[in-house]
Amino acid sequence: MKSSVNRQTVDLSQYPDLVVIYLGMRVNALAGIKTMLGFGPKISSAVDARPDGLLLHENVFFSLFPPHVGMRQYWRDFDSLENWARSEPHKLWWQAYVRDSGGTGFWHESYFMRGGIEAVYDDIPNPVGMQRFAPAVPAQGTMFSARKRLKLQGEPPLPNPAGEEAG
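**Describing the overall build of the chain**
Reasoning step 1: From N to C terminus, the chain includes four helices and five strands.
Reasoning step 2: Across the chain, helices and strands are ordered from the amino to the carboxyl terminus as β-α-β-β-α-α-β-β-α.
Reasoning step 3: Here the chain holds 167 residues, and 37% of them are scored as buried.
Reasoning step 4: Look at the contacts in the chain between residues 6 or more apart in sequence, and 62% of them connect residues 24 or more apart.

Pasting the structure below:
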């Protein structure tokens, strides 16, 4: 017996500035398992705090060998995402990661409703996502700021959490 497909779409008209971001953490060394497992409760806590502008958070599993997990988040707009990324607890996580990756690699790719894509890959030994088809270039100067990578006007609401020069 045939069944019909219940096909639907979504009306995103209430979210003209929507940002979708994929983030991933990959274990590169044995110590990275502890680092990765330690982030689970921290991320859950941050999501439970309901940061302004976070519409939805979903966990994503990329691979078992090597362990590679992540998340997909939907943000109301770039300003909300940028403000959260430059505030605590994220600011503290990033400062610690830049000092010591704890045996992991980290990456994110962001997609914008109004157009534009930006991405960063830190200590990722094998290409993932867009790195698999587009040439990788060093992230330096303006590459330390998503706002600069996107060529958006204005200054960030808070300083760069890792104290990196925005170029």
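And the narrative resumes.
**Remarks on the pattern of salt bridges**
Reasoning step 1: Tallied over the entire structure, the rule returns five salt bridges.
Reasoning step 2: When the shortest N-O distance is used, the salt bridge between Asp 17 and Arg 114 registers 2.3 Å. Taken together, the residues Asp 17 in the segment before strand 1 (19-27) and Arg 114 in the loop between strand 4 (104-112) and strand 5 (117-122) connect sequence positions 97 residues apart.
Reasoning step 3: The partly exposed category is assigned to Asp 17, whose relative accessible area is 32%.
Reasoning step 4: Here Glu 82 and Arg 86 are joined by a salt bridge, their closest N and O atoms 3.9 Å apart.
Reasoning step 5: Salt bridges here are not isolated pairs; linked through shared partners, they connect Asp 52, Arg 76 and Asp 77.

**Observations concerning helix 2 (residues 78-85)**
Reasoning step 1: Within helix 2, burial applies to Phe 78, Ser 80, Leu 81, Glu 82 and Trp 84.
Reasoning step 2: Sitting at the amino-terminal end of helix 2 is Asp 77, which places a side-chain oxygen 3.4 Å from the backbone nitrogen of Asp 79.

**Section: the packing of aromatic side chains**
Reasoning step 1: A complete count under the given rule lists nine aromatic pairs for this structure.
Reasoning step 2: Measuring from ring centre to ring centre gives 5.9 Å for Phe 78 and Phe 112, while their planes differ by 55 degrees; the resulting arrangement is tilted. Taken together, the positions of Phe 78 in helix 2 and Phe 112 in strand 4 put the pair 34 residues apart, joining distant regions of the chain. As far as the burial class goes, Phe 78 and Phe 112 line up, both buried.
Reasoning step 3: An angle of 70 degrees between the planes, with centres 6.1 Å apart, marks the rings of Trp 84 and Trp 93 as edge-to-face. Assigned by exposure class, Trp 84 and Trp 93 land together as buried.

About the criteria used
Residues numbered from 1 in each chain as written. Predicted model: local features only at pLDDT ≥ 70, side-chain atom pairs only at ≥ 80, totals over all residues. Heavy atoms only, no water. Helix = DSSP H or I, 4+ residues; strand = E, 2+ residues; numbered from the N terminus. Buried < 20%, exposed > 50% of the residue type's maximum accessible area, 1.4 Å probe, protein only. Contact = heavy atoms within 4.5 Å. Salt bridge = Lys/Arg side-chain N within 4 Å of Asp/Glu carboxyl O. Polar contact = N/O pair within 3.5 Å; in protein donor to acceptor, adjacent residues only side chain to side chain. Phe/Tyr/Trp six-rings, centres within 6.5 Å; stacked < 30°, edge-to-face > 60°.

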